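# Topology and contacts: notes
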Amino acid sequence: MDESQEYTRYRQDSAVLAEIGRFLDPQVARLTVRLSGDLARAAVAAWDRDEEAEVGEETVEQARVRDRAASLALIGLAVSDRGVASGAEVVVELDVTEVAAALLAAYDEDVIPLESL
């Protein structure tokens, strides 16, 4: 099946975006953020959970959801390793990719409306 001109351009745009990421990667590291205690505990629980089932054939949606669960678990690892309680919150340094994953999930789930950008 031939790809439309639009999707050919989108693939080229995706390649440029990846190059921007390669350029930015050495410039960014971790960001200090605050999480509610409940969210921090939920992230740690995701990290502590054992997922023993093998991943079989997945739909695109299932792969996206599993990828998000993995991102949550990595935030849980960061909270476990570096999180510091501060009242009802936890202060933790997260990799910029973890922050981005959380923000993308929030936009996709309309937790943060795109209009707010």
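See above for the structure.
Residues numbered from 1 in each chain as written. Predicted model: local features only at pLDDT ≥ 70, side-chain atom pairs only at ≥ 80, totals over all residues. Heavy atoms only, no water.

### Description of the overall build of the protein chain
Looking only at helices and strands, the protein chain features four helices and three strands. In the protein chain, the succession of helices and strands from N to C terminus is α-β-α-α-β-β-α. Computed over C-alpha atoms, the radius of gyration of the protein chain comes to 17 Å, more than 25% over the 13 Å expected from 2.2 N^0.38 for 117 residues, which places it beyond the range of a compact globule. Seen along its three principal axes, the alpha-carbon backbone of the protein chain occupies a region of about 55 × 35 × 30 Å. For the protein chain, the residues scored as buried account for 17% of the 117 residues in total. In the protein chain, once contacts between residues fewer than 6 apart in sequence are set aside, the share between residues at least 24 apart is 71%. Accessible area of the protein chain: about 9,200 Å², with a carbon and sulfur share of 56%. One way to put it: in the protein chain the 11 positive side-chain charges average out to a point 4 Å from where the 25 negative ones average out. (Helix = DSSP H or I, 4+ residues; strand = E, 2+ residues; numbered from the N terminus. Rg over C-alpha atoms; globule rule 2.2 N^0.38 Å. Buried < 20%, exposed > 50% of the residue type's maximum accessible area, 1.4 Å probe, protein only. Contact = heavy atoms within 4.5 Å. Areas by Shrake-Rupley, 256 points an atom, 1.4 Å probe, with all protein chains shown as cover. Lys, Arg positive; Asp, Glu negative; His and termini not counted. Charge placed at Lys NZ, Arg CZ, Asp CG, Glu CD.)

### Regarding the nonpolar core
One finds V33, L35, A40, A43, V44, I75, A78, V79, V90, V92, L94 and V99 forming the largest nonpolar core, which totals twelve residues. Mapped onto this core, the elements with two or more residues apiece are strand 1 (30-36), helix 2 (37-48), helix 3 (60-82) and strand 3 (89-95). Apart from the residues lying within four places of it in its own chain, the contact partners of A43 are L72, A73, I75 and G76. (Core = buried A, V, L, I, M, F, W, Y, C linked by side-chain atoms within 4.5 Å.)

### A closer look at the sheet that holds strand 2 (residues 84-86)
In spatial order, the strands read 1-3-2; together these three strands make up an open sheet with antiparallel pairing. At either end of the open sheet lies a strand with only one pairing partner, and these are strand 1 and strand 2. Ignoring which end each strand starts from, the neighbouring axes of this sheet average 35° apart. Across the sheet, helix 3 touches strand 1, strand 2 and strand 3, and the angle it forms with strand 3 is around 115°. (Pairing = 2+ DSSP bridges. Axes fitted to C-alpha atoms, helices over the stretch in contact; angles between N-to-C directions.)

### Let's talk about the pairing of strand 3
Side-chain alternation along strand 3 places V90, V92 and L94 on a buried face and E89, V91, E93 and D95 on a face that remains uncovered. Bridge analysis of strand 1 against strand 3 gives seven bridges, and the strand direction is antiparallel. Residue S36 lies in a different strand from strand 3, and its bridge partner there is E89. Relative to strand 3, strand 2 is paired through three bridges, and the arrangement is antiparallel. Residue pairing in the sheet places A85 in a bridge with V90 of strand 3. Linking strand 2 back to strand 3 in an antiparallel pair, the connection comprises two residues, with G87 at a positive phi of about 70°.

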